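Listed below, chain by chain, are the residues.
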Amino acid sequence: EKQGFRHFMVKEIYEQPGVVRTCLEAYLNHQWNPDSDQSPINLGIPTELYSDLEHIQIVACGTSWHAGLVGKYLLQELAQIHTNIEYASEFRYSPPPITANTLTIGITQSGETADTLAALAMVKERRENQPAKYQAKLLGITNRVDSSLASIVPDLIDTRAGIEIGVAATKSFIAQLMAFYFLALDLAYHRKTLSNVQIEEIITELRQLPAQIEIILESQERYIEELAHEFTETTDFIFVGRGINYPIALEGALKLKEISYIHAEGYPSGELKHGPIALLDAKVPVVAIAMPGKVYEKTLSNAQEAKARDSRLIGVIAMDDKEAAETFDELLPVPQVNELLSPVLTVIPLQLLSYHIAARRGLDVDQPRNLAKSVTVE
Ligand code: M6R
């Protein structure tokens, strides 16, 4: 069933263009045009979830938390709605005060993560018997609509990635990101925070993502496999990104530590100089995501700070970006794209890098030590 791939993880990485296509097919309203009076998005969730909405809180764990953090940037930027994200395991024991007109989103690939389910159940219980505006509005985002999540949350977005076997989440993460693009655009449409023409532009760009992921897979895989050989003995990695690519730095670091057992940390680039820079030397490579956009120049100058400490610099950059190409020692180029959509592309070379390092180290990529596909205990 690995269809010629060595591991499920790499097979699932290669399934990602198809997953994005499936999501686009399922959730875009294909009749829509900027003159029509319906939403361009069809998530199949009741619009009452959106009424009088003032605040969104997201609860999740692990990679799903990273997708939620991308979601927070999208919901704030596109739909202008105040959004918080919490680790479900923290939220349970330090719940925030109950705010009015709040939508709580639980995001879990498996739909079985104990902390995420318990956090959602707690929101439901605490908000029972409250005045109407404090009542719980709950939404689940999951790859398993048949999971325990469905018994807690009445409305679900099905991420449609298909069964994921590798313990390291890859295609399910990409599908979670897609769910947040659709949710943010649907909310932007209903809240009128974007014009229909602006929404149409973003949809046009979303439609290009599958082919752009294919370009990365085709052009980068061989090179990344070679590059990975150089890091089989490395003991520490730092990943940095800013803005909407900060969660991707976290995700790149999580993937690497999960399957290769190399110590890796993700930081917002601007935080490097507030402590982590003390770790840097020629033995600690730095992977920086430096895509064109509003934090581009700052990100490059943060990367240069690392270079001055002799760190080997690996840049996830836009293809044809000469300035960035000169800054980095190794280049992981991805197609040029709207900054808000870039996480869907920038995560791909990082998945491949962690995969090839772990495979090169001869590790059990699909079943890493100490980990389970779903964490059903606290
Ligand atoms: O099933 P969930 O999305 O709730 O799982 C949450 C985490 O346990 C999960 O994302 C974990 O971090 C993955 N192994 C990451 O690759």
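Residues numbered from 1 in each chain as written. Predicted model: local features only at pLDDT ≥ 70, side-chain atom pairs only at ≥ 80, totals over all residues. Heavy atoms only, no water.

Taking an unreviewed UniProt entry as the reference, the protein is identified by name as Glutamine--fructose-6-phosphate aminotransferase [isomerizing] belonging to Crinalium epipsammum PCC 9333. On record in UniProt, under Catalytic activity (unreviewed entry), the comment for the protein is "D-fructose 6-phosphate + L-glutamine = D-glucosamine 6-phosphate + L-glutamate". What UniProt states about the protein under its Subcellular location (unreviewed entry) heading is, verbatim, "Cytoplasm". (UniProt positions renumbered as here; feature names shortened; annotations may be inferred.)

Peer 1: Got a minute to help me understand the nonpolar core in this structure?
Peer 2: Nonpolar side chains in soluble globular proteins generally cluster together in the buried interior. If you look at the biggest cluster of nonpolar residues, it comprises 100 residues, and the most contacted ones within it are Phe-182, Leu-183, Leu-206 and Phe-237. For this core, the leading source of residues is helix 6 (residues 171-191), giving 15 residues. Not counting chain neighbours up to four residues away, the residues in contact with Phe-182 comprise Cys-23, Leu-24, Tyr-27, Leu-28, Ile-41, Leu-43 and Leu-206. Counting residues in hydrophobic clusters, the runner-up holds 17 residues, among them Leu-272, Ala-290, Ala-303 and Ala-306. (Core = buried A, V, L, I, M, F, W, Y, C linked by side-chain atoms within 4.5 Å. Buried < 20%, exposed > 50% of the residue type's maximum accessible area, 1.4 Å probe, protein only. Helix = DSSP H or I, 4+ residues; strand = E, 2+ residues; numbered from the N terminus. Contact = heavy atoms within 4.5 Å.)

Peer 1: Sorry if this is basic, but what is going on with the pairing of strand 3 (residues 102-108) here?
Peer 2: A regular strand places its side chains on the two faces of the sheet in alternate fashion. For strand 3, the buried fraction is high: seven of the seven residues fall into the buried class. Going residue by residue along strand 3, you find Thr-102, Thr-104, Gly-106 and Thr-108 tucked away on one face and Leu-103, Ile-105 and Ile-107 tucked away on the opposite face as well. Pairing between strand 1 (residues 55-60) and strand 3: six bridges, direction parallel. Counterpart to Ile-58 in the pairing with strand 3 is Ile-105. (Pairing = 2+ DSSP bridges.)

Peer 1: Can you help me understand the sheet that holds strand 7 (residues 263-268) in this one?
Peer 2: Either a parallel or an antiparallel arrangement is found when strands of a sheet pair, and the pairing is made through backbone hydrogen bonds. Pairing is parallel in the open sheet, where five strands are placed in the order 7-6-8-9-10. The sheet is open, and its two borders are formed by strand 7 and strand 10 (330-334), each paired with just one other strand. Here the average twist between neighbouring strands, direction ignored, is 20°. Across five bridges, strand 8 (residues 286-290) lies against strand 9 (residues 313-318) in parallel orientation. Considered in strand 9, the bridge of Ala-290 is made with Ile-317. (Axes fitted to C-alpha atoms, helices over the stretch in contact; angles between N-to-C directions.)

Peer 1: For this particular structure, what's the right way to read helix 3 (residues 62-79)?
Peer 2: The periodicity of an α-helix, 3.6 residues per turn, causes residues three or four positions apart to be oriented the same way. For helix 3, which comprises 18 residues, the first-to-last C-alpha distance of 25 Å matches the rise-based estimate of 26 Å (1.5 Å per residue) to within 8%. Buried residues dominate helix 3, accounting for 13 of its 18 residues. Where helix 3 ends, the next residue or the one after it, Gln-80, has phi of about 50°, a positive value. (Expected span 1.5 Å × (residues − 1).)

Peer 1: Whenever I open this one, the pattern of salt bridges confuses me. Can you help?
Peer 2: Two side chains that carry opposite charge are able to pair once their charged atoms sit near each other. Counting across every chain of the model gives 11 salt bridges. A salt bridge links Lys-171 to Glu-15, with the nearest nitrogen and oxygen atoms 2.8 Å apart. Separated by 156 residues along the polypeptide, Lys-171 in helix 6 and Glu-15 in the loop between helix 1 (8-14) and helix 2 (16-27) bring together distant segments of the chain. Among the residues examined, Glu-15 registers a relative accessible area of 22% and is labelled partly exposed. Glu-164 is the salt-bridge partner of Lys-373, the closest N and O atoms lying 2.7 Å from each other. One end of the pair, Lys-373, is in the segment after helix 11 (343-360); the other, Glu-164, is in the loop between strand 5 (155-158) and helix 6, and 209 residues separate them in sequence. Judged by relative accessible area, Lys-373 falls into the partly exposed class, the value being 28%. Connected through salt bridges with shared partners, the residues Lys-11, Glu-15 and Lys-171 form a single ionic network. (Salt bridge = Lys/Arg side-chain N within 4 Å of Asp/Glu carboxyl O.)

Peer 1: Could you clarify how one ought to interpret the site of the ligand in this entry?
Peer 2: The local shell around the ligand holds 14 residues, among which Ser-64, Thr-108, Ser-110, Thr-113 and Glu-258 are the closest. Thr-108 places a polar side-chain atom, nitrogen or oxygen, 2.7 Å from an oxygen atom of the ligand. Contacts to the ligand include Val-167, whose backbone N or O atom sits 3.1 Å from a nitrogen atom. Where the shell around the ligand is concerned, the elements lending two or more residues are helix 3 and helix 8 (246-260). (Near = heavy atom within 4 Å. Polar contact = N/O pair within 3.5 Å; in protein donor to acceptor, adjacent residues only side chain to side chain.)

Peer 1: Mind showing me how you'd approach the packing of helix 8 against helix 11 here?
Peer 2: Between two packed helices, what matters for the description is the angle formed by their axes and the separation of those axes. It is the contact of helix 8 with helix 11, at a shortest axis distance of 9 Å, that shows an interaxial angle of 20°. In terms of their interaxial angle, helix 8 and helix 11 are classed as roughly parallel. Both helix 8 and helix 11 take part in a crossing whose hand is right-handed. Contacts between helix 8 and helix 11 involve Ile-248, Glu-251, Gly-252, Lys-255, Leu-256, Ile-259 and Ser-260 on the former and, on the latter, Pro-343, Thr-346, Val-347, Leu-350, Ser-354, Tyr-355, Ile-357 and Ala-358. Across the contact of helix 8 with helix 11, the residue classes break down as nine nonpolar, four polar and two charged. (Parallel < 35°, antiparallel > 145°, perpendicular 65-115°, else oblique. Left-handed = near helix turned anticlockwise from the far one by under 90°. Nonpolar A, V, L, I, M, F, W, Y, C, P; charged D, E, K, R; others polar.)

Peer 1: Sorry, what's going on with the environment of Thr-232 here?
Peer 2: Note on placement: Thr-232 falls in the loop between helix 7 (196-229) and strand 6 (236-241). Along the sequence, Thr-232 and His-356 sit 124 residues apart, while their C-alpha atoms lie 9.4 Å from each other. Of the polar contacts made by the side chain of Thr-232, one reaches the backbone oxygen of His-229; its length is 3.4 Å.

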